[in-house]
Structure formats: C-alpha cells, structure tokens
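Architecture at a glance
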Amino acid sequence: MKIDPLIEDILCKALEGRELSKEDAIRLMNVDVNSVEAYVLMAIANSATRKLFNSFGEVHAQIGINYAPCSKKCKFCAFSVADKSVELSIDEVQRRAEQFVREGANAIFLMTTGDYDFDKFVKIGRAVREVIPPDMPLVANTGDFGKSEAKELLDAGFTAIYHVVRLREGVDTSIDPSERLRTIEAAKSVGLDLSYCVEPIGPEHGPEEIVDAIFLAKSLKPTVMATMRRIPVPGTPLAKLGQISQLEQAKIEAVTRLVMGDDILAMGVHEAYAPCLMAGANQVYAETGPNPRDEIVDTSKGRGLSVRACRALLREVGLVPRDGPARSLQGPLRRERR
Ligand code: SF4
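Residues numbered from 1 in each chain as written. Predicted model: local features only at pLDDT ≥ 70, side-chain atom pairs only at ≥ 80, totals over all residues. Heavy atoms only, no water.

**Observations concerning the overall build of the chain**
- Helix and strand counts for the chain stand at twelve helices and twelve strands.
- The C-alpha atoms of the chain give a radius of gyration of 19 Å, which matches the 20 Å a tight globule of 338 residues would have.
- Across its three principal axes, the chain shows a C-alpha extent of roughly 60 × 45 × 35 Å.
- Here the contacts in the chain between residues at least 6 apart in sequence split such that 74% fall between residues at least 24 apart.
- In the structure as shown, the chain presents an accessible area of about 13,600 Å², 52% of it carried by carbon and sulfur atoms.
- Charge separation in the chain, taken as the distance between the mean sites of 44 positive and 48 negative side-chain charges, equals 2 Å. (Helix = DSSP H or I, 4+ residues; strand = E, 2+ residues; numbered from the N terminus. Rg over C-alpha atoms; globule rule 2.2 N^0.38 Å. Contact = heavy atoms within 4.5 Å. Areas by Shrake-Rupley, 256 points an atom, 1.4 Å probe, with all protein chains shown as cover. Lys, Arg positive; Asp, Glu negative; His and termini not counted. Charge placed at Lys NZ, Arg CZ, Asp CG, Glu CD.)

Structure (structure tokens):
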C-alpha cells in the first residue's frame, strides 16, 4: 500500500518527535477525511496520546452558573440570543460539584456568561473549593480580567482558567483578540494553568485559519489543549452555516495533537466524540447547568453528558478513566509539590 510521499514524510517527522511546521500542518489539514492518509494521521496521533498518557483518559466536568443574555453577543453562543435569566444558587453549584466528584470527575470547571459579576464568581469559586478535594483542579471559565483579578482567582482556590482567542474573535464576537490574550497572560503570570481550545470550528474555517489558531495555542503553552466544533444553536447568527462532521473534527484533532507535541498534560475534545478519542484526544467534558452550545437551560437535560457517560465513552475507545484529580490544570498545586 502506498500513501502520498509528502504526507508520509510529515508523519515520519511526527513519529520521530520532531516539531511540525505550519506548512506541514496545513498539508495534513488538506488530507481528504476518507483517504488512507487521514486514517494513518489519526492512528499516529492516537498512538502518541496513548503512549504519552499511559492510556489514561480524563473527564473534566463543567457547571454553568448562569443562563442570561450576554452583552458580548458572540454569533455562535446560546447566550447571545437568550430571552430569560436563570442562575444557580451557591448551594446548588456546591451540590453539583460534589456530585461530579462523587461520580469520578477529574477536574471541576465553573462557567459564566462573559459579563457576569466577577466578585460573585470569586465567591462561588471559594465556596466550591471548600466542598471538593484540596487537590482537585478548579477551573475558571468566565469573562476577561486583569492581573489583580487573576490573583483573586488564585486566592479563592482556582488552579487554572479556560480561556481562548476564538476563531474570528473580534469579527464573530465583539471582543478584541488582544483582550483575550491579556487575560491569558494575567492568569499565567500568577501561576494559573491554561486550558485552551481551537473553537468554535465551523465549515467556513479553512485549513490556514485553523492552523494559525493551533500555533497561537502552542505559543501560549496550555497544559490542556482541545478542539471544539461549533454547534448550530437555533437562533444564533452562525447557525445557518451548519457544522463540520465528527470525522472532520477527528482529523483536526489529530493535526492539533501532533503540532502540540508532548508538552501537554491532556488532549481534550468538545463535545465527547468517539472518532476524536481515536485520533489523539484523551479528555472529554461532562456538563451541567447552562451551556453556550445548548438552548436548553440545564444542559444535563439536553446536550450535556454526565460524568458516568463520559467515563463509559472513554472505556469504549480503550482508554482507562483516571480516578481522582487530573494531573493537568493543577497550577499552583503542582508547583507546591515539587
Ligand atoms: S461566548 Fe461568552 S462572551 Fe460570547 S456571548 Fe457567549 S457568554 Fe457571552
């Protein structure tokens, strides 16, 4: 059997642990998803991940705190067209965090709309820290902030942030990409880890654009990297463009994994798709409460998977669900143990 010699050269480079260039990544992105080359690419990314993480998989569990119209009006987000406001109480957020931990989550994420009150968010974070194990990563997924707010997150017990310069940030969103980068730098400067993602990928994003986003991610040195396809949430302006297939995302996942190399502590995929878990991903998300990809106010009754379902999916693809806290996203906790 023969495969395209140019693709073969790039894949050999990846197998030898050499860094891929942007040109290499674009060539891989241009491979047809149904070709032999695509399956070899995914197999190599899959085996790199299994080797690096010893076949362990992780479930990161996110609690959406509020469902409300968001002033940032990102063209892909359910909250940009929300017509009501619903918010979980602190007790309820604590209860859901405890339940996630009991079910076997490896990290807890707290998410709000982009304009949620920061002091309130810190207060909720502190309350959640009190009810989860001390070495359980606690991750902030909220709006933009500066260095003093980053320090407040750290002091409240957060260990990491989920923050991203989204594809076409500033065009499909009203946020300047430099503001997103400033937030990431602020968080990193106080010792918080970064969970990053190339998102939200739609059919209109070409190989060069996606590869640029992957290389930007690499320069930010996240401890968790991921990809996410855009879900066409009804009523959102970009819904009419549709979505990429799970197979297309698996190819992007594989390219992303090989570009990132072995400097990550987990490789994620939103949402939890088996093809991506066979193409370099070893980490998926359980979700409860509001979710920007779901029009249903409590995503656990909609798109959101439970921790149990995520762990079952990891087993289905031959990964071993990790017990206890994730190694990734430990931020200051990891450094304390050194
Ligand atoms: S993605 Fe975030 S910032 Fe954008 S509209 Fe949704 S909640 Fe607001």
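**Regarding the side chain of His-205**
- In this structure, His-205 sits in the loop between strand E8 (198–201) and helix H8 (207–220).
- The buried category is assigned to His-205, whose relative accessible area is 7%.
- Of note is the side chain of His-205, whose polar atom sits 2.8 Å from the backbone nitrogen of Gly-202.
- Setting aside anything within four residues of it in sequence, one finds His-205 in contact with Leu-167, Arg-168, Pro-200, Ile-210 and Arg-230. (Buried < 20%, exposed > 50% of the residue type's maximum accessible area, 1.4 Å probe, protein only. Polar contact = N/O pair within 3.5 Å; in protein donor to acceptor, adjacent residues only side chain to side chain.)

**Some thoughts on the packing of helix H2 (residues 22–29) against helix H9 (residues 246–260)**
- Close contact between H2 and H9 brings their axes to 10 Å; oriented N to C, the two are set at 160°. Put simply, H2 runs roughly antiparallel to H9. Where H2 crosses over H9, the handedness of that crossing is right-handed. Two secondary-structure elements touch here, H2 through Ala-25, Leu-28 and Met-29 and H9 through Lys-251, Ile-252, Val-255 and Val-259.
- Class assignment for the residues of the contact of H2 with H9 results in six nonpolar, no polar and one charged. (Axes fitted to C-alpha atoms, helices over the stretch in contact; angles between N-to-C directions. Parallel < 35°, antiparallel > 145°, perpendicular 65-115°, else oblique. Left-handed = near helix turned anticlockwise from the far one by under 90°. Nonpolar A, V, L, I, M, F, W, Y, C, P; charged D, E, K, R; others polar.)

**Section: the site of the ligand**
- Close to the ligand lie Cys-70, Lys-72, Lys-73, Cys-74, Cys-77, Phe-79, Thr-113, Gly-114 and Arg-166, which account for all nearby residues.
- When atoms are counted within 2 Å of each cavity's grid points, the one that captures over half of the ligand is the largest cavity.
- Class assignment for the residues of the shell around the ligand results in four nonpolar, two polar and three charged. (Near = heavy atom within 4 Å. 1 Å grid on protein atoms, 1.4 Å probe; cavity = no way out; pocket = protein on both sides within 12 Å on 5 of 7 lines; lining within 4 Å. Sits in = over half its atoms within 2 Å of the grid points.)

**Here we look at the packing of aromatic side chains**
- Throughout the structure, instances matching the rule amount to five aromatic pairs.
- Ring centres of Phe-109 and Tyr-162 lie 6.5 Å apart, and the angle between their planes is 55°; this geometry places the pair in the tilted category. Residue Phe-109 is found in strand E4 (residues 107–111), and its partner Tyr-162 is found in strand E6 (residues 160–162); the two are separated by 53 residues along the sequence.
- In this structure Phe-109 comes out as buried when scored by relative accessible area, which is 0%. (Phe/Tyr/Trp six-rings, centres within 6.5 Å; stacked < 30°, edge-to-face > 60°.)

**Let's talk about the packing of H2 against H8**
- One way to put it is that H2 packs onto H8 with a least axis distance of 9 Å and a crossing angle of 135°. Taken together, H2 and H8 sit at an angle that is classed as oblique. Viewed along their axes, H2 and H8 form a crossing whose handedness is right-handed. Of the residues in H8, those touching H2 at Lys-22, Ala-25, Ile-26 and Met-29 are Pro-207, Glu-208, Ile-210, Val-211, Asp-212 and Phe-215.
- In terms of residue class, the contact of H2 with H8 is built from seven nonpolar, no polar and three charged.

**Some thoughts on the layout of surface pockets**
- A volume near 400 Å³ is recorded for the largest pocket.
- Every element with two or more residues in the lining of the largest pocket is listed here: helix H1 (5–15), helix H3 (36–52) and H9.
- It is H3 that contributes the most residues to the lining of the largest pocket, five residues altogether.
- Approximately 160 Å³ is the volume found for the second largest pocket.
- Lining the second largest pocket we find Arg-95, Arg-96, Gln-99, Phe-100, Glu-103, Glu-287, Thr-288, Ser-300, Gly-304, Leu-305, Ser-306 and Val-307.
- Breaking the lining of the second largest pocket down by element, the ones donating at least two residues are helix H4 (90–103) and strand E11 (283–288).
- Its residues placed into classes, the lining of the second largest pocket shows three nonpolar, five polar and four charged. (Points joined across faces, edges and corners; volume = space filled by probe spheres on them.)

**Digging into empty space enclosed by the protein**
- A complete count under the given rule lists one cavity of 30 Å³ or more for this structure.
- Roughly 530 Å³ of internal volume is contained in the largest cavity.
- What lines the largest cavity is a set of 35 residues, and nearest its centre among them are Met-111, Asn-141, Arg-166, Glu-199 and Pro-292.
- Contributing elements (two or more residues each) for the lining of the largest cavity: E4, E8 and E11.

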